[in-house]
Each structure stands twice: as C-alpha cells, then as structure tokens.
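Architecture and fold: a report
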Amino acid sequence: MNHITIGEIVRGDREIFPPYLYEAYQSTRRRAPLLPLVDVPLTISELTGPGPIISAITPEDADLTRNAGTGGEAIGQRIIVTGRVLDEHGTPIPQTLVEVWQANAAGRYLHRQDQWPGPLDPHFLGMGRCLTNEAGVYRFLTIRPGAYPWKNHPNAWRPAHIHFSLLGPASISRLVTQMYFPGDPLHSLDPVMQSVPTATARQRLISSYDHTITEPEWALGYRWDIVVRGESSTPFETSVAGK
Amino acid sequence: MSTSYLLTPTQTVGPFYAPCLLREDARRNVLVQPETLGERIRITGHILEGGGLPATEVLVETWQANAQGRYNHVADQGPATLDPTFLGFGRTQTDDDGMYWFETIKPGAVPFNDKQMQAPHINLTIMARGLLNHLVTRLYFADESANSVDPVLQLVPEQRRMTLLAHPAATTEDTIPTYRFDIVLQGPDETVFFNF
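Cut-offs and rules
Residues numbered from 1 in each chain as written. Chains lettered and ligands numbered in written order. Predicted model: local features only at pLDDT ≥ 70, side-chain atom pairs only at ≥ 80, totals over all residues. Helix = DSSP H or I, 4+ residues; strand = E, 2+ residues; numbered from the N terminus. Rg over C-alpha atoms; globule rule 2.2 N^0.38 Å. Contact = placed C-beta atoms within 7 Å. Nonpolar A, V, L, I, M, F, W, Y, C, P; charged D, E, K, R; others polar. Pairing = 2+ DSSP bridges. Core = buried A, V, L, I, M, F, W, Y, C linked by C-beta atoms within 7 Å. Buried ≥ 20, exposed ≤ 12 C-beta atoms within 10 Å, placed from the backbone. pLDDT = per-residue confidence, 0-100. Axes fitted to C-alpha atoms, helices over the stretch in contact; angles between N-to-C directions.

Further remarks concern the overall build of chain A. From N to C terminus, chain A includes three helices and twelve strands. Here the C-alpha atoms of chain A give a radius of gyration of 19 Å, agreeing with the 18 Å that 2.2 N^0.38 yields for 243 residues. Principal-axis analysis of the C-alpha atoms gives chain A an extent of 55 × 45 × 35 Å. The contacts in chain A between residues at least 6 apart in sequence include a share of 68% that link residues at least 24 apart.

Moving on, we get to the interface of chain B and chain A. Taken together, the contacts link 58 residues of chain B with 70 residues of chain A. Of all elements in the fold, only helix 1 (18-21), strand 5 (110-111), strand 7 (121-127) and strand 12 (194-195) of chain B reach the threshold of two or more residues within the side of chain B that touches chain A. Of the residues assigned to the side of chain B that touches chain A, the class counts are 35 nonpolar, 18 polar and five charged. Sheet topology note: the strand 1 (residues 38-39) of chain A/strand 12 of chain B ladder contains two bridges and is parallel. Counterpart to Asp39(A) in the pairing with strand 12 of chain B is Asn195(B).

Before going further, it helps to spend a moment on the nonpolar core. Core analysis: the biggest nonpolar cluster contains 100 residues, and Leu166(A), Leu59(B), Ile126(B), Ala128(B) and Leu139(B) have the highest contact counts within it. Here this core takes five residues from strand 8 (residues 135-141) of chain B, the largest share from any one element. With residues up to four places along the chain from it excluded, the contact list for Leu139(B) reads Ile43(B), His121(B), Ile122(B), Leu124(B), Leu164(B), Ala166(B) and Phe181(B).

Next up on the list: the environment of Val98(A). Residue and element names in this part refer to chain A. Positionally, Val98 belongs in strand 3 (residues 97-102). With 24 C-beta atoms counted inside 10 Å, the residue Val98 sits in the buried group. In this structure, the C-alpha to C-alpha distance between Val98 and Leu205, residues 107 residues apart in sequence, is 16 Å. Residues in contact with Val98, not counting those within four places in the same chain, are Arg129, Cys130, Thr132, Tyr138, Phe164 and Leu166.

Looking at chain B as a whole, the pLDDT averages 95, with 98% of positions reaching at least 70. With a pTM of 0.95, the predicted complex shows an ipTM of 0.96.

All names here are of chain A. Taking strand neighbours across the sheet as the criterion, the four strands line up as 4-3-8-9 in an open arrangement whose pairing is antiparallel. Both outer strands of the open sheet, strand 4 (127-131) and strand 9 (175-180), are each paired with one neighbouring strand and no more. Neighbour to neighbour, the strand axes of the sheet diverge by 20° on average, direction disregarded. Bridge analysis of strand 3 against strand 8 (residues 161-167) gives six bridges, and the strand direction is antiparallel. Bridge pairing in strand 8 places Trp101 opposite His163.

Residue and element names in this part refer to chain A. As for its placement among the helices and strands, Leu220 is situated in strand 11 (residues 220-223). Taking the number of C-beta atoms within 10 Å as the measure of exposure, Leu220 has 16 and is therefore partly exposed. When neighbours within four sequence positions are excluded, Leu220 is seen to be in contact with Gln77, Ile79 and Thr214.

Attention shifts here to the pairing of strand 2 (residues 59-63) of chain B. Two faces, one strand: in a regular strand the side chains alternate between the faces of the sheet. Residue and element names in this part refer to chain B. Most of strand 2 is tucked away: five of the five residues are buried. Pairing of strand 2 with strand 3 (residues 89-93), which is carried by five bridges, proceeds in the antiparallel orientation. For Trp63, the partnering residue across the bridge sits in strand 3 and is Phe89. Looking at chain direction, strand 2 and strand 7 are connected through five bridges and run antiparallel. Residue pairing across strands places Val60 opposite Ile126, the latter belonging to strand 7.

Taken residue by residue, chain A gives an average pLDDT of 93. The fraction at 70 or more is 94%. For the stretch residues 235-243 of chain A, pLDDT sits under 50, and the model shows 15 contacts to residues farther than four places along the chain or on other chains.

All right, on to unusual backbone geometry then. A positive phi is found at Gln95(A), a non-glycine position, where the angle reads about 60°. The residue Glu217(A) is not glycine, and still its phi comes out positive at about 60°.

This is the structure in structure tokens:
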C-alpha cells in the first residue's frame, strides 16, 4: 500500500471518517466524488428519519446460527456479538434497527457474485437483524466469519468482519460500517479498514473479547459499542477541500 | 455526562448487502398505499460512475415528507397533517443497467426555520462498493417555482444547482407522471453531494 493517493473530500469529521478517494481500495477510484461537498445546515429534513422500518422483527432474526430455517445449525465457532448503540454524549439509543450480514465460517457469502472456492453452508444465510432495547443494547448469536479473498490487489484478503447497518433516530444517525475482531493480523493489510484516518478511530471498529459475555459450554462473547449522531446533535465544524 | 464519545467510522456497504438490506420486507420501491394522499409520481434515473459507466448494485435510500409537507417522525411537530399511510422511506438498488426507480407522492414544502420554507424535495442516501462513506444529496423538482428561493439550493454554486433537479419525463397515457433524476458519482456533471 505504498504511494497511494488519499482524497481530500470527506463527509464528517476528517479525524474519524474515511475519505471518498482512497486509491489502495480500487473501487473508490471511479466512485469517489471529486468536487467539494456543499456544507448545509441541519433542517427538519436531516433531523427526522425513517426509524425502525420493519415491523415484523422476531427474536429468531437475531440468531444467525438457526435463522436459515432448515432445522439445522450453522457450522463454525458460535459467538455472541453484543453492545450498546450510543449517541455522542453516551446516551443509549433504543429502537434502533440493526441489520447485519457476514460471510460464513469458511469466508464465503451466500451471494451470486461471491464465487471463490470456499464452501457454502446450507444452514447459514449470513444475515440478521434486531432492534436495540431500552438500554440501547443489541445482541446477535452467530458464528465467527472467516476471512475471504478479493481481487483488489495480489493476494488480497479481507479480515474477518461483520457488516452493520443502523437506522437510528434521524437521518444524521444513519450508519453503515463493519465490525472487526481483535488481534487479526490482516487488519494492517486491509485498505478498507486502513482508509479510516487515525489509529484511534480504527480502534473503534474492533470488537473486544469479553469473558463476561461468553457463555459456558455454548458461545464466545464479543462486545462492540457503536456511536452515532443523536437527536440532540448540532452541526459540527467541517473543513471541505478547497476551503 | 460531559464526556464526548467518538463517533463510529463508516465503512463501505460492500458488494454483498442485498440479501440482507433488500430482503422482501426491507426493499421499498413503492412508498405509497392506495389510501395515501397526494400526487402519484415515479422517480427514475441512472447512477453513473467515473467515465460515464453505469454503476450497478448501488443502494439508494429516500426520505421525504408527505404531500402536506409533514415528516412522519416525532421531531416534526409542524402544523401540516400527518398521513398515517405514508412513512416516506424508500430503499432499492440499481439494476444491471445502473437504473433505479421509486413510486411515491410528490412531497409538500417543509419549513427551513420560523420564517422560511424549503422547496419540495426528496432526501437521498447513496451507498455502494467503493463508497467508504455514504453520499447524501437532494432531489428537487425542476418545474417547481419555489426552487428559486430554497435556502439549501442557494448554498449550492449556481452552475451546479441543475444537478439536483429532476425533470418531468415523457410518459405514456397509462403511466403516472415520471421525473428523471440521474446521479453522477464522479465526472464533469458530478451531482452535488452534501456535508452536514
């Protein structure tokens, strides 16, 4: 990842959020906007949002080891992934829709475009969802995803991760991100993760092993808190390229 | 609680989100129900990446007020009437030609502050493989006179405002009024994207 161009155009705090253009991640080259973003104030359009859009969420939706509906159980290391959704003041945010998707234990997604020769697991769909409770807590039972190869550069492998999508209290809370696992040697080699500009911010994407979440004779526990802009947000200072 | 918590950084939605984010009860191409009040419209367009190529499998989310100009959300306590049959949220993806569509109603004007109104608009969020953070923009209606005094449009450099205008498209007699809104991620006619 030597001699890469890193763009100047960033939405949000540039100590935290990745730039749109990060050449080491090849797909950014044709998709990153190259003209400055336009700063706009927060209006009723940004301070409202769709909230939990799906009314029919069941407890089974949060159990990725069994929600394929085959009657069988997904193969892999069973894990519990849980944490709180907080605003920037540390206030828990209930009723946030958390949607997750991930590769199976072998690193294969159930998707027509993922065709590398990792085995599929007939008992694993790799998707789940839940709402945060009154304490802002979400919780999933799943299996630890495998790393998988991609064609971004020679011998490129994505570190094991779980994709997260959050629909919180307002449009300013919208977050799509990825959760990683602690101690993975692939972190430093991954341009997607390394696009986050500071070590402090990258650390926010890595879950912690938590033995108090681990359940005996059952599953290992990982904790990952997520912080999004809440309802009381005020516009932040921004510095857009060209200013 | 004076502590400030560091926001969680964004990461790309990647190429494999559709089975989860667009499962049957999560995809929202049609925002209206038969009882929903307002003028039915269809929004459609291409999403293009650099070089003018169609951008396929791009996730598009919309958020809009109802026909009276009221968002279906607790933070909107304005005088306009709530329409319980209209949430105002859409979610779809571009197809193999880079096209997307929604069927909705034309939103009403919403307040900017105590004195000013905003022209009718639809808020759009764009996510895709290759986008490390989502893009946000707005769709305005080219045939709407209120655009000339919209306070957000006034913040956009004049020569770029046209990238935010959806234009009425030719329709056959059985189809509802259609607005065309192309989104250019990168290039000379690049769509204006916002930071807030």
